[in-house]
Amino acid sequence: MDKYIVTCLFFGFVSPVFGQDKSVNDLYLDFSVERTEGSPLTALSIGEKILSHSEKLPAGNKDNFNYHMGKLYEVNHEDEKSILFYEKVVAAVPDYYVPHLALGNLYLKLARPLIPKINASKGNKAKYDNYLYQYQKILLKVIPHFEKAQACDPNDQTLKTLKYLYQSLKTPEKYTTLNTRLETLSVNCITLLTD
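Two side chains that carry opposite charge are able to pair once their charged atoms sit near each other. On inspection of all chains with the given rule, the structure shows five salt bridges. In this structure, the salt-bridge partner of Lys81 is Glu78, at a minimum N-O distance of 3.2 Å. Overall, Glu78 belongs to the partly exposed group, its relative accessible area being 24%. Arg181 is paired through a salt bridge with Glu147; the nearest N and O atoms lie 3.0 Å apart. Placement of the pair is Arg181 in helix H10 (residues 178-185) and Glu147 in helix H7 (residues 125-152), with a sequence separation of 34 residues. Glu147 sits in the buried class, given a relative accessible area of 8%.

Below is the structure:
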């Protein structure tokens with residue numbers, strides 16, 4: 001009798017846990033189907049439900065989930081949220097170059113509004129220096145992401161942008177050593193995440 005009670009209590013406590021895991025996995029499947037065959041907004045809504053339980057996703061699913069949440073937020077013009085998710089992917093899978101390219105572009109997008117501010121503040125040294133500092137700080141974030149993307153998937157536009165960035169930061173010598181860095185960065189490139 002005591003064994004029967006203990007067994008019932010055990011399954012009574014364990015089954016809700018398994019039920020929660022299953023629901024997160026079910027949500028992930030719904031998320032995957034919706035983002036490939038349905039509506040990006042619906043996929044985003046499902047993804048936001050997964051967020052509070054994303055630690056229960058297997059590692060491969062978690063990286064894929066973070067990448068696709070970043071992409072969905074990017075499509076939805078929520079750049080700051082997109083950056084957060086892409087950064088998670090880059091930290092977990094540094095050789096996956098696709099989020100590097102996305103991050104480089106998103107950071108450049110953040111830097112663009114500073115250009116007119118820099119130009120307009122040339123008469124005020126303190127403002128000018130502040131805007132220039134902010135601009136250069138963002139550009140320094142762009143470079144490693146674009147270098148990884150260029151190493152894994154060479155592209156003329158990315159190369160031109162890198163050259164522009166080195167010149168903007170007054171470090172043209174970085175362009176002359178770029179091929180060496182690209183060769184190192186091209187090892188172990190990942191082009192596709194799998195679940």
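Moving on, there is more to tell.
Before going further, it helps to spend a moment on the environment of Leu193. Tracing the backbone through its elements, the reader meets Leu193 in the segment after H10. Residue classification places Leu193 among the buried residues on the basis of a relative accessible area of 14%. The sequence separation of Leu193 and Asp63 amounts to 130 residues, and the corresponding C-alpha distance is 7.8 Å. Apart from residues no more than four positions distant in its own chain, Leu193 is found in contact with Asp63, Asn64, Tyr67, Val89, Val93 and Tyr96.

Analysis parameters
- Along each chain, residues carry numbers from 1 onward, in the same order as the chain's sequence is written.
- Since the coordinates come from a predicted model, pLDDT governs what is reported: local features require at least 70, and pairs of side-chain atoms require 80 or more to be given and counted, while whole-chain, interface and lining totals use all residues.
- With hydrogens and water set aside, each side-chain value is computed from the structure's full complement of heavy atoms.
- For this document, the term salt bridge refers to a Lys or Arg side-chain nitrogen within 4 Å of an Asp or Glu carboxyl oxygen.
- Burial classes follow relative accessibility: with a 1.4 Å probe on protein chains only, a residue under 20% of its type's maximum area counts as buried, one over 50% as exposed, and anything between as partly exposed.
- Helix and strand definitions here come from DSSP, where helices need a minimum of 4 consecutive H or I residues and strands a minimum of 2 consecutive E residues; each element is numbered from the N-terminal end.
- Contacts are assigned to residue pairs with any non-hydrogen atoms lying within 4.5 Å of each other.

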